[in-house]
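Spelled out, the chains give:
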Protein chains: 2
Amino acid sequence: MAITPIERTNVGKIVFEQLPDISQPERKECAHMEKKKWETIPLGNVKIKDNFWSPIQNLMIDKVIPYQEEILNDKVPGVEKSHAISNFKIAAGMEEGEFYGMVFQDSDVAKWLEGVADSLAVKPDADLERRADEVIEIIEKAQQEDGYLNTYFTIKEPEHRWQNLQECHELYCAGHMMEAAAAYYETTGKDRLLRVMMRMADHIEEKFEKELEHGIPGHQEIEIGLMKLYHVTGEEKYLRRALSFIEERGKNPDYFVEESKKRGWVHFGADPEDREYNQVHATVYEQDKAVGHSVRAVYMYTAMADLAGTLGNEKLYGACEKLWDNMTKQRMYLTGGIGSTAEGEAFTVDYHLPADSIYAETCASIGLIFFARQMLEAEPKGIYADVMERAFYNGTISGMQLDGTKFFYVNPLEVNPGVSGNVPGYRHVLPQRPGWYRCACCPPSLVRLVTSLGKYVWTEKEDIIYSHMLMGQEAELRKARVRAESEYPWNGRITYHIEARTEEAFTMAFFIPFHARNLAILLNGEEVNGQGIWKEGYWHLTKQWGKEEKLEIRFDMPVRRIYANQKVRDCAGCVALMRGPVVYCFEEADNGGGLQSLRVAKSLEEEIDTCQDGVLKGKYLLKVNGYRCTGGEDLYTEERPHMEKTRLTAVPYYAWGNRGIGQMRVWMLEDGD
Amino acid sequence: MAITPIERTNVGKIVFEQLPDISQPERKECAHMEKKKWETIPLGNVKIKDNFWSPIQNLMIDKVIPYQEEILNDKVPGVEKSHAISNFKIAAGMEEGEFYGMVFQDSDVAKWLEGVADSLAVKPDADLERRADEVIEIIEKAQQEDGYLNTYFTIKEPEHRWQNLQECHELYCAGHMMEAAAAYYETTGKDRLLRVMMRMADHIEEKFEKELEHGIPGHQEIEIGLMKLYHVTGEEKYLRRALSFIEERGKNPDYFVEESKKRGWVHFGADPEDREYNQVHATVYEQDKAVGHSVRAVYMYTAMADLAGTLGNEKLYGACEKLWDNMTKQRMYLTGGIGSTAEGEAFTVDYHLPADSIYAETCASIGLIFFARQMLEAEPKGIYADVMERAFYNGTISGMQLDGTKFFYVNPLEVNPGVSGNVPGYRHVLPQRPGWYRCACCPPSLVRLVTSLGKYVWTEKEDIIYSHMLMGQEAELRKARVRAESEYPWNGRITYHIEARTEEAFTMAFFIPFHARNLAILLNGEEVNGQGIWKEGYWHLTKQWGKEEKLEIRFDMPVRRIYANQKVRDCAGCVALMRGPVVYCFEEADNGGGLQSLRVAKSLEEEIDTCQDGVLKGKYLLKVNGYRCTGGEDLYTEERPHMEKTRLTAVPYYAWGNRGIGQMRVWMLEDGD
């Protein structure tokens, strides 16, 4: 524990040690919570070639990004008008007109650009890049003399700039555009947008250094954006500002109340007094429960974890650990969904995880992955990789229809048409995916997540290469080239072809999912019995790696019955099925209506079938024993329902809702033998 | 079917046949849906002397009525200020000041007066009567020259009278005061308040005859009030106006929208476009689902049923039957609670009966009893008596703490402290009864229900006396004096001592609860095997009754396992326990926390114990076999919960929440043997 945690009282006065030259990482012994001395692997260095993920990446690149581009340019009829590009053109003086959309409409363009940047790393596309360059040119023109960039305030209320941090998302939009700028620079080497956002960052720095020294964002995101600027430029001031936003938060729980009184106007009318919603009820070091708006929460935690890892700040890492534990051990759905209520799109209380009135916004699960990745960067542990995998294979991609044309905002674990989407308390839980949203945060965030998948597979530290995900891919790492073939998540068979680029010994550490059974690891065809060591869920093998090493990871993935903690009222008496990382659900399409009257049998006698046709073709379906309860017409009766044996079919949760409107349940009552 | 239904097109033009002299009811053969030719039995003629109900009546009379009087006079510290009497004094010019309270604050005084009137029939109290007379004097003085009576508009917005029927409850307050006036006249013979309300009724008549001919109340209640005026005065115009309000409703589904546009101001800001909430989406004849605000619904249905029975109007009775069926067969909780959502305090959709996010307002169950009683008056059927009993013994009296000091508005079938009363979607579901409410509709309504209990026991038609409830009492009927001793609801033992007052044969018809097992009826000590006939759940015995007849009704009341219809998602896998009419629930106080982790065993091996001490003393408790599931600390696990046998204790639902804050459940998961 050599590192002295940075004291909060030092904020703004920290004299940073010499930061590493990120292009020339030092090689030294890996210490606990060391200051980050390794470079994040560039996205272009990891090419996903995976049976499961590549088709989804291709869908994002070939279909969703162009579709979204059309939407941003208002060329898609019948969906919510975007006007987002026009807003920039108007702000740039290139077009006449009025601002239209949400106060954070700019962020839709930012997220699209970030997705484009990531997609260009996966699949270069000169024409797309040209169109992105054009958009960037417009953005540059929309930037004001003083560096300010935000079309809403530029067009509509220039006199109100920076007065309503609580509601008006100026920092949020800036953060997203910084993420886009960093990604675009990383992929294309072009720095036009990067320079725009560095100017904006400088503008923010000046504003918050001088006038708004205790200012904090209403919706966290700027912290992530600034950290990304820092990671590509090495400019400490961005890191310092990010840390300042994080540490300032909650110091004055009444900051937004005071801001609100001072300005005397409101935008949405959001409650500045709702301190937990705003995550200002305590400093980040004092917060020990995941509360408030769940997307904001995980965005904040992501930046905290990035800062903790980057600075080797144990105190901050400890704060992250507390929040991680509460969130993932008391407040997370089986699918990696978070947010138990639509009111405030928020966390509620421990073990309150209703399946049918759930929120579980797609963006929140994406943010959970961001957080997990930063925790893995700070300290590779299986508990982070496990949750990351859970969210990747379930609660994020469930947000998109399999054909890439429709999207969920809310990802329920149970849908009952007639109630869901209709009855108060369930109106937000739509039984099918709509085409687009007025508040279109989720679809573009899913694009940027999936196109940047390569960033989640590896962490390469001093002399350890960590593998977090069992994915088919080709990776150009510093110490090795690795090619992997994977049958995951349908089968536990992954083969790595490793070509070392150094003659020095180094460690390769593989996260082996906690669900793996009968694990066998073969090195060049021989079982590695006794070799390697286990640490935090990762199997480590240290050796001099040759030029043609073959490492095979094999394990069984039996169908698993999952039970929730007895404190979870909403899962009482229920079982859910998983196989590997994939959560299964039961749909009306396969099992008929009245899913609440079905029971999963204790003796499953499961069969695993690959779906042969239709929209679910190629996916592994489960058939298990169950019962159908039947009863009379009376509302209440003394007759115990009659149970009849039946076979039930379960489909991967992420693929639900692709066959018309019908009931769906993840948690099923269990009964009988 | 000799009666021609009244056509809606005739409204306002009906020439009524000669109405019967209600003091001299005709004696003739009972025909189906005849025009009502019998008098409702005056409350003073039925003295409740019942082990179960008398203590509750006494509590109402000795404790709640004086407590409420103090509240109305703002003499109780620490509860919501009422100001209701002051409002009347200010409107009367007797006091200076401002109006305070809800726009319908007057109705609190009306409901109190009605309760007082009923209580004076149960237990004369000269001092209370004198105080009530004084209040009535104030009310009389607050009445305006033109007959108008409403303190809000008299004090605050005289220029806005009758402009906002949708929101402003002028008709609602009038209706309640009419009920009070009728009850006070019935009990005391004093007609001062009656004359006030007849003048108000005339004022309304003039207003709605001339200016607001399509006007309808926002919150139904005036229809009940007018019918009560009609029943005590015999004045057809009141009946006609009630019918007009009923039949006008829904003819123009945009009535409130148009009214809203016309006046250009709002009170609460309630949505005039929410036609189902307002129950104006269709005419009452076309409505076939119980929708919208549940109290308003049952108040409307009550008046409809009263009109149907009074007029022999089969069409209207048919409309009532449709709504009754939908409400009681698809939308009613086991306890007789109605209203599945807090949003709009409303019904939702068929079979949507969540236990924990429920509304089930006390007033709504009371209104359900009003409706049931009017259906029984129109056509005595066991289905009405059964629901009436269900609401009486469960979902109404659960609204009051056993000591009469605190009250529920919402009557949940499940409470989970930490979530209930706290988390969005459950905030309205308080885990314990508060002292009073700003919108104090429920406590005084419960008072008037319980004090007027004697009205629910009997219907005496031409030559049939119907007994609807198995209650200890002394009744002075037209054809007989009846004294009953009852052990109900704890035991199925009721003994009637009948003294005929006529030598002519007549029929006595007893509702025998559907749950009765091993029924035995003894007449003067001999089993009546084969005697009597069954009709619609009533056992009829026609004979010349003597001066000293003893009729004993004996039946068993085993503990019953109740299952909900398979379509009720929220009761899936669950069982509830009832014994007789009493619904049982499980509380943390007896069973420890984590009720969701308990299971009721299929083999109950039940014991029935009378509680020996504490607040539940004298109540029958159940002990049954069950299981406690235990598991580890993990949020999700592959380990099936361990089930351990245990004994569980259930207490009468109405008595829940009297032993501190803790979990409570009516529906329990069932498992094991």
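Concerning the sheet that holds strand β5 (residues 473–476) of chain B
Residues and elements named next belong to chain B. Taken together, 7 strands build an open sheet; the order of strands is β1-β5-β6-β7-β13-β9-β10 and the sheet is antiparallel. The sheet is open, and its two borders are formed by β1 (46–48) and β10 (526–527), each paired with just one other strand. In terms of strand pairing, strand β9 (residues 517–523) meets β10 through 2 bridges, oriented antiparallel. Its bridge partner being in β10, L523 is matched across the sheet by E526.

Examining unusual backbone geometry
With an omega of 0°, the peptide bond running from A:Y488 to A:P489 counts as cis. One can find A:P489 in the loop between β6 (480–486) and β7 (492–500). The phi dihedral of A:N524 falls on the positive side, at around 50°, and the residue is not glycine. Inspection of the secondary structure puts A:N524 in the loop between β9 (517–523) and β10 (526–527). A positive phi angle is found at B:H83, which is not glycine, with a value near 70°. Residue placement: B:H83 occurs in the loop between α1 (53–72) and α2 (84–91).

Details of the pairing of strand β8 (residues 506–511) of chain A
All names here are of chain A. Burial runs high along β8: 6 of the 6 residues are buried. Alternating residues of β8 divide into F506, M508 and F510 and T507, A509 and F511, and every residue in both groups is buried. In this structure, β8 lies alongside strand β12 (residues 538–543), joined through 6 bridges in antiparallel fashion. Bridging from a neighbouring strand, M508 pairs with L541 of β12.

Describing the packing of aromatic side chains
The geometry of an aromatic ring pair is captured by the separation of the ring centres together with the interplanar angle, meaning the angle of the planes. Here the structure, examined in full by the defined rule, presents 60 aromatic pairs over all chains. A centroid spacing of 5.1 Å and a plane angle of 80° characterise the contact between A:F208 and A:F245, whose relative ring orientation is edge-to-face. With A:F208 in helix α8 (residues 192–211) and A:F245 in helix α10 (residues 236–248), the pair connects residues that are 37 residues apart, well separated along the chain. With 5.2 Å between their ring centres and 50° between their planes, B:F52 and B:Y393 make a pair best called tilted. One end of the pair, B:F52, is in the loop between β1 and α1; the other, B:Y393, is in helix α14 (residues 382–396), and 341 residues separate them in sequence. Look at B:Y393 and you get buried, because its relative accessible area is 1%.

Looking at empty space enclosed by the protein
Under the counting rule described, the total for this entry stands at 13 cavities of 30 Å³ or more. Counted as a void, the largest cavity has a volume near 300 Å³. Taken together, 20 residues form the lining of the largest cavity, with A:R569, A:D570, A:A572, B:R569 and B:D570 sitting closest to its centre.

Topic: the confidence of the model for chain A
Regions with low pLDDT carry predicted coordinates that are not meant to be interpreted in detail. Residues and elements named next belong to chain A. Mean pLDDT over chain A: 92, with 94% of residues reaching 70 or higher. This model gives residues 1–32 a pLDDT under 50, and the stretch forms 53 contacts once residues within four places in sequence are excluded. In the predicted assembly, ipTM is 0.93 and pTM is 0.93.

Thoughts on the relation of the copies chain A and chain B
Once chain A has been moved 0.0 Å along the axis and rotated by 180°, it coincides with chain B to within an RMSD of 0.0 Å. Between the two chains, the operation in question is that of a two-fold axis. Relative to the rotation axis, the C-alpha of A:G425 is the closest in chain A, positioned 3.2 Å from it.

Examining the environment of B:K461
Residues and elements named next belong to chain B. Tracing the sequence through the fold places K461 in the loop between β3 (458–460) and β4 (464–467). For K461, a relative accessible area of 4% puts it in the buried group. Measuring from C-alpha to C-alpha, the distance between K461 and W490 comes to 30 Å, with 29 residues separating the pair along the chain. Only 3.3 Å separates the side chain of K461 from the backbone oxygen of E377, close enough to count as a polar contact.

A few points about the environment of B:G395
Residue and element names in this part refer to chain B. Within the element layout of this structure, G395 appears in helix α14. Taking the C-alpha atoms as reference, G395 lies 6.7 Å from N411; in sequence the two are 16 residues apart. Look past the residues within four positions of G395 in its chain and what remains in contact with it is T335, T362, S365, R390, N411 and Y653.

Description of the interface of chain A and chain B
Taken together, the contact pairs 61 residues of chain A with 61 residues of chain B. Summed over both sides, the interface of chain A with chain B buries roughly 4600 Å², with 50% coming from carbon and sulfur. For the interface between chain A and chain B, the tally reads 12 salt bridges. Between A:R640 and B:E670 there is a salt bridge whose closest N-O contact spans 2.9 Å. At the surface where chain A touches chain B, the tally comes to 32 residue pairs in polar contact (both at pLDDT 80 or more). Every element with two or more residues in the side of chain A that touches chain B is listed here: α13 (314–330), β14 (559–564), β19 (620–630), β20 (636–637) and β23 (668–671) of chain A. The residue inventory of the side of chain A that touches chain B, partitioned by class, reads 22 nonpolar, 18 polar and 21 charged.

Observations regarding helix α1 (residues 53–72) of chain A
Maximal helix bending in α1(A) amounts to about 35°, located at A:M60. Just beyond α1(A), the residue with positive phi is A:D74, at close to 55°.

Some thoughts on the pattern of salt bridges
Applying the stated rule across the entire model yields 105 salt bridges over all chains. Here A:K228 makes a salt bridge to A:E114, at a shortest N to O gap of 3.8 Å. With A:K228 in helix α9 (residues 222–233) and A:E114 in helix α3 (residues 106–122), this residue pair connects regions lying 114 residues apart in the sequence. Here B:K543 ties to B:E549 by a salt bridge, and the two come within 2.6 Å at their closest N and O atoms. Salt bridges here are not isolated pairs; linked through shared partners, they connect A:E69, A:D127, A:R130, A:R131 and A:E134.

Cut-off values and rules
Residues numbered from 1 in each chain as written. Chains lettered and ligands numbered in written order. Predicted model: local features only at pLDDT ≥ 70, side-chain atom pairs only at ≥ 80, totals over all residues. Heavy atoms only, no water. Pairing = 2+ DSSP bridges. Helix = DSSP H or I, 4+ residues; strand = E, 2+ residues; numbered from the N terminus. Buried < 20%, exposed > 50% of the residue type's maximum accessible area, 1.4 Å probe, protein only. Phe/Tyr/Trp six-rings, centres within 6.5 Å; stacked < 30°, edge-to-face > 60°. 1 Å grid on protein atoms, 1.4 Å probe; cavity = no way out; pocket = protein on both sides within 12 Å on 5 of 7 lines; lining within 4 Å. Points joined across faces, edges and corners; volume = space filled by probe spheres on them. pLDDT = per-residue confidence, 0-100. Contact = heavy atoms within 4.5 Å. Least-squares fit on C-alpha atoms with pLDDT ≥ 70 in both. Polar contact = N/O pair within 3.5 Å; in protein donor to acceptor, adjacent residues only side chain to side chain. Buried area = accessible area lost by both parts, 1.4 Å probe. Salt bridge = Lys/Arg side-chain N within 4 Å of Asp/Glu carboxyl O. Nonpolar A, V, L, I, M, F, W, Y, C, P; charged D, E, K, R; others polar. Bend = angle between axes of the 7 residues up to and from the residue.

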